[in-house]
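Residue-level structure breakdown
The primary structure of each chain is shown beneath.
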Amino acid sequence: MSQDEIPDDIRRFIHTSISSVPLLEAMILMRNAASTYWGPQALASRLYIPEVKAGGLLLELQSAGFVKAPIAGESGYRFSPVTEELADMCSRLAEIYARHMVEVTHIIHSKVDKRAQQFADAFKWRRD
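Residues numbered from 1 in each chain as written. Predicted model: local features only at pLDDT ≥ 70, side-chain atom pairs only at ≥ 80, totals over all residues. Heavy atoms only, no water.

**Topic: the environment of S17**
Locating S17 in the fold gives a position in helix α1 (residues 8-17). When the C-alpha positions of S17 and G65 are compared, they lie 9.7 Å apart, and in sequence the two are 48 residues distant. With residues up to four places along the chain from it excluded, the contact list for S17 reads L23 and F66. A polar atom in the side chain of S17 sits 3.3 Å from the side chain of T16. (Helix = DSSP H or I, 4+ residues; strand = E, 2+ residues; numbered from the N terminus. Contact = heavy atoms within 4.5 Å. Polar contact = N/O pair within 3.5 Å; in protein donor to acceptor, adjacent residues only side chain to side chain.)

Rendered as structure tokens:
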């Protein structure tokens, strides 16, 4: 499967909901252990990232509706998408990523590269 062969709905989902590869990998890790409660330290150790970054990923996952924040008596965040449709998209993306990691990461990076270029273009000197 080439980058162009990734289904359009998955491609749109990546563009609208997945800001980085670490976010995708955190979502997949939490999805694969849906009954596990995750705190920043546990997530950081599994993804080999700083704890502060892991904490930011958990907040981003929560605001996107992928995970539930801890409530009284719970020790961390838990994978629990807000809708069945979102849960289905997460599952489909996880399956595609497992088989086509390079293609998916290229989609994520092309989105990031495009935003960086747009930001840089805003500062180009233009003669009027």
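**Considering the environment of R11**
Relative to the helices and strands, R11 is located in helix α1. Taking the C-alpha atoms as reference, R11 lies 9.2 Å from I108; in sequence the two are 97 residues apart.

**Regarding the pattern of salt bridges**
In total, this model carries one salt bridge according to the counting rule given. A salt bridge links D9 to R92, with the shortest nitrogen-to-oxygen separation between them at 2.5 Å. Pair noted here: D9 is in helix α1 and R92 is in helix α5 (residues 84-99), with a separation of 83 residues, a long-range link. The exposure class of D9 is partly exposed, given its relative accessible area of 27%. According to the relative accessible area criterion, R92 is partly exposed, its value standing at 26%. (Salt bridge = Lys/Arg side-chain N within 4 Å of Asp/Glu carboxyl O. Buried < 20%, exposed > 50% of the residue type's maximum accessible area, 1.4 Å probe, protein only.)

**Some remarks on the environment of H106**
Turning to its location among the elements, H106 is positioned in helix α6 (residues 101-121). Distance in space between the C-alpha atoms of H106 and V21 is 9.7 Å, their sequence separation being 85 residues.

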